[in-house]
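Spelled out from the first residue to the last, the chains are:
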Amino acid sequence: MATKASVMDQQREVHENIHIQFKNICSALDKILLPDCKKATEYGSSHMQANAASHRSGLSLAIGKSGQPKSSKDVVPGTKALSQFEVSQSFKDHIGYTLDVRASQVPHKQAGQGLFISGQANVGSVIAIYPGVIYSPAYYRYIPGYPRVDSQNPYLITRYDGTVIDAQPWGSGGETREFWDGLAKAEAAYHPMGTSDRLWTMLSKPLEQTRFHVGGEVLDRRNPLAFAHFANHPANGVAPNVMLCPYDFPLTDNNMRVYIPNILYGKAGEVQMRRFGSFYFKWSDSQGRASEIPVLRTIVLVSTRELCDEEIYLNYRLSNTKRRPEWYCSVDEEEDERRWS
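All figures in this text were calculated on a predicted structure; none of them were measured in a lab.

Participant: Would you mind showing me how to read helix α4 (residues 84-95) here?
Facilitator: Owing to its 3.6 residues per turn, the α-helix brings residues three or four apart onto one side. For α4, with twelve residues, the first-to-last C-alpha span of 16 Å sits near the 16 Å given by 1.5 Å per residue. Check the buried side of α4 and you find it contacts α1 (7-33) and β1 (97-103).

Participant: What's the story with the sheet that holds strand β9 (residues 242-250) in this structure? I'm lost.
Facilitator: A sheet is described by the order of its strands in space; here three strands give the open sequence β3-β13-β9, paired in antiparallel fashion. Both edges of this open sheet fall to β3 (126-129) and β9, since each of them pairs with a single strand only. For this sheet, the mean angle separating the axes of adjacent strands, direction not counted, is 35°. Of the strand pairs in this sheet, β3 and strand β13 (residues 295-303) are connected by three bridges, and their pairing is antiparallel. Within β13, the residue paired with I129 across the bridge is V300. Contacts from α1 reach β3, β9 and β13, with the element oriented near 80° to β9.

Participant: When you look at unusual backbone geometry in this model, what are you seeing that I'm missing?
Facilitator: In terms of backbone geometry, most residues other than glycine have negative phi values and most peptide bonds are trans. Going from Y146 to P147, the amide bond is cis rather than trans, its omega being 10°. Position of P147 relative to the elements: it lies in the loop between β4 (132-135) and β5 (156-158). A positive phi angle is found at D309, which is not glycine, with a value near 45°. By the element assignment, D309 lies in strand β14 (residues 307-311). Unlike most non-glycine residues, R317 shows phi in positive territory, near 50°. Among the structural elements, R317 can be located in the loop between β14 and α6 (333-340). For R317, a relative accessible area of 22% translates into the label partly exposed.

Thresholds applied
- Residues numbered from 1 in each chain as written.
- Predicted model: local features only at pLDDT ≥ 70, side-chain atom pairs only at ≥ 80, totals over all residues.
- Heavy atoms only, no water.
- Helix = DSSP H or I, 4+ residues; strand = E, 2+ residues; numbered from the N terminus.
- Expected span 1.5 Å × (residues − 1).
- Contact = heavy atoms within 4.5 Å.
- Pairing = 2+ DSSP bridges.
- Axes fitted to C-alpha atoms, helices over the stretch in contact; angles between N-to-C directions.
- Buried < 20%, exposed > 50% of the residue type's maximum accessible area, 1.4 Å probe, protein only.

Limitation: the analysis is restricted to geometry and does not speak to function.
Pasting the structure below:
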């Protein structure tokens, strides 16, 4: 099919495949977590009302606070009282695999924790999703620590369209379904060596006028696939076994929203940007129309071969124009040269 299809047709086929997989994943999680899976439609309606209530209540103004307002807490739909571990094990029974985070097998001191698959997955399977706060290029200035956003945050990733996802606020998830706005850890001030506290505090503090842009959603923090940010780069001589795939989740699928571990910084659909060289422009479709379906631009990890009880390795593809860490080994120098030239 690929040899006969245009690039846009290929992208559409891949995206539809990913979306079908997510429908199956969400269906399995509903069976695990909902008191009565037959009420999924009713649950989706109550979930939509919960998020609508949270937005209307002005909770997005509560920067620096818990972000869990009383009115939102009362309308979060109930689920079975299962721990994150119990959800993960039940998910494995339904889908055939789940994820674990433990000490990496990559032989260098900075490897830390790694991501492991427990069970079996076919080639082309959605293995993990990158959780956290999504920033479009229009909101780069509001990423915590700006302009040196990566100085103490190794959990940032960028899509080809310029969208940045910060997984640091998500951490390792949680034990409940709750209203989540990603603010608890995102407000931590960063003070790199050689920079005055006063200057760095000024740079890292979000602007006051942007507070109304920070929202939140009712999300299930027990999501067993929301660990893509723990995948390590492979050691020298070891091939990666997953690849990045951009995934635009349609916000019209209300029943699935609770299992997409991302929130958007900024107003949905407020600014749509496309990259041209080093610049970003507001864009529309070929007929000059803006996209009519609001989406969350996130990232998933897709297996490039069959996987079974092993560590997940992702090619970080760091730029060869900048100094790389000592532990970094290029997977394909020729590809790096093509990409970064």
